[in-house]
There are 2 protein chains.
Amino acid sequence: MTTMRPAPRPAGAERLLTPGEVAGLFRVDPKTVTRWATAGRIGSIRTPGGHRRFRESEVNALLAELTTPGPALG
Amino acid sequence: MTTMRPAPRPAGAERLLTPGEVAGLFRVDPKTVTRWATAGRIGSIRTPGGHRRFRESEVNALLAELTTPGPALG
DNA sequence: TGATATTCGGGTAATTCGGGTA
DNA sequence: CGTGTCCGAATTACCCGAATAT
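Residues numbered from 1 in each chain as written. Chains lettered and ligands numbered in written order. Predicted model: local features only at pLDDT ≥ 70, side-chain atom pairs only at ≥ 80, totals over all residues. Heavy atoms only, no water.

### Some remarks on the nonpolar core
Grouped burial of nonpolar side chains is what soluble globular proteins tend to show.
Inference 1: Counting 16 residues, the largest nonpolar core has Val-22, Phe-26, Ile-42, Phe-54 and Val-59 of chain A as the members making the most contacts within it.
Inference 2: When residues of this core are traced back to their parent elements, those giving at least two are helix H1 (19–26), helix H2 (30–38) and helix H3 (56–65) of chain A.
Inference 3: A per-element tally of this core places H1 of chain A first, with four residues.
Inference 4: When near neighbours in sequence (up to four residues on either side) are disregarded, Phe-54 of chain A contacts Arg-15, Leu-16, Leu-17, Thr-18, Pro-19, Val-22, Val-33, Ala-37, Ile-42, Gly-43, Ser-44 and Val-59 of chain A.
Inference 5: Formed by 11 residues, the second largest nonpolar core is a distinct cluster that contains Ala-23, Phe-26, Val-33 and Phe-54 of chain B. (Core = buried A, V, L, I, M, F, W, Y, C linked by side-chain atoms within 4.5 Å. Buried < 20%, exposed > 50% of the residue type's maximum accessible area, 1.4 Å probe, protein only. Helix = DSSP H or I, 4+ residues; strand = E, 2+ residues; numbered from the N terminus. Contact = heavy atoms within 4.5 Å.)

### A word on the relation of the copies chain A and chain B
Inference 1: Each copy superposes on the other: chain A lies on chain B with an RMSD of 0.4 Å after a rotation of 60° and an axial shift of 21 Å.
Inference 2: The share of interface residues of chain A whose copies in chain B are also at the interface is only 9%, consistent with the copies meeting through different surfaces. (Least-squares fit on C-alpha atoms with pLDDT ≥ 70 in both.)

### Quick look at the sheet that holds strand S2 (residues 45–46) of chain A
Residues and elements named next belong to chain A.
Inference 1: With antiparallel pairing, three strands are arranged side by side in an open sheet as S1-S3-S2. A single partner strand is all that each edge strand has here, and the edge strands are strand S1 (16–17) and S2.
Inference 2: Alignment of S1 against strand S3 (residues 52–55), held across two bridges, turns out to be antiparallel. Note on S3: the bridge partner recorded for Leu-16 is Arg-55.
Inference 3: Where H3 meets the sheet, it contacts S1 and S3, and its direction lies at approximately 65° from that of S3. (Pairing = 2+ DSSP bridges. Axes fitted to C-alpha atoms, helices over the stretch in contact; angles between N-to-C directions.)

### Re the interface of chain A and chain B
Inference 1: Taken together, the contacts link 23 residues of chain A with 24 residues of chain B.
Inference 2: Roughly 1,900 Å² is buried in total at the junction of chain A and chain B, and carbon and sulfur atoms are behind 60% of that figure.
Inference 3: Considering only the surface of chain A that becomes buried against chain B, Leu-25, Arg-27 and Leu-66 of chain A emerge as the three largest contributors, covering 28% of it.
Inference 4: Taken together, the connections running from chain A to chain B amount to one salt bridge.
Inference 5: Linking chain A with chain B are five residue pairs in polar contact (both at pLDDT 80 or more).
Inference 6: Listed by contribution, the elements that provide at least two residues to the side of chain A that touches chain B are H1, H3 and strand S4 (67–68) of chain A.
Inference 7: The element contributing the most residues to the side of chain A that touches chain B is H3 of chain A, with four residues.
Inference 8: Of the residues assigned to the side of chain A that touches chain B, the class counts are 13 nonpolar, five polar and five charged. (Buried area = accessible area lost by both parts, 1.4 Å probe. Salt bridge = Lys/Arg side-chain N within 4 Å of Asp/Glu carboxyl O. Polar contact = N/O pair within 3.5 Å; in protein donor to acceptor, adjacent residues only side chain to side chain. Nonpolar A, V, L, I, M, F, W, Y, C, P; charged D, E, K, R; others polar.)

Remember, this is a structural readout, not a statement about activity or role.
This is the structure:
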């Protein structure tokens, strides 16, 4: 079995996430992530076939930005 | 995809629950869960669309913290 | 080349949001 | 003070067949 590692990227290249992966992070339907892209709420990159990919750094930044910390447990 | 690549798990990524799911755990109206979040009693993550998601671990911790043990069963 | 999972599109239910109120 | 409910508006979830990705 050939292990399918993600192809090594040139320095500076951004790691891309699929709609399903982004959906998993937000606990949302993949189609919802698509709507975010259509609405311009999140940047997206299109494959030649028309499928969307999302920048991991942007997704993580968005997550952090929309996260409200809970109370200090005690 | 013959072999599903494991979804990248950025540090801090957790299982998230919807307001309705949290409400079900506490036997409370979903709106009440929303109020907890607004009052800062529980942390929350907002989708770009404004809907809230809650960390499963935090919810469970809250459940355990607010639980008073009953008499030991013989 | 084929096999399988995912993501297109669109449409239509189901949740959730926010404010106000009891 | 905390919770449940009513309302309209917005967002999200599930349905399908067809195309794309690996």
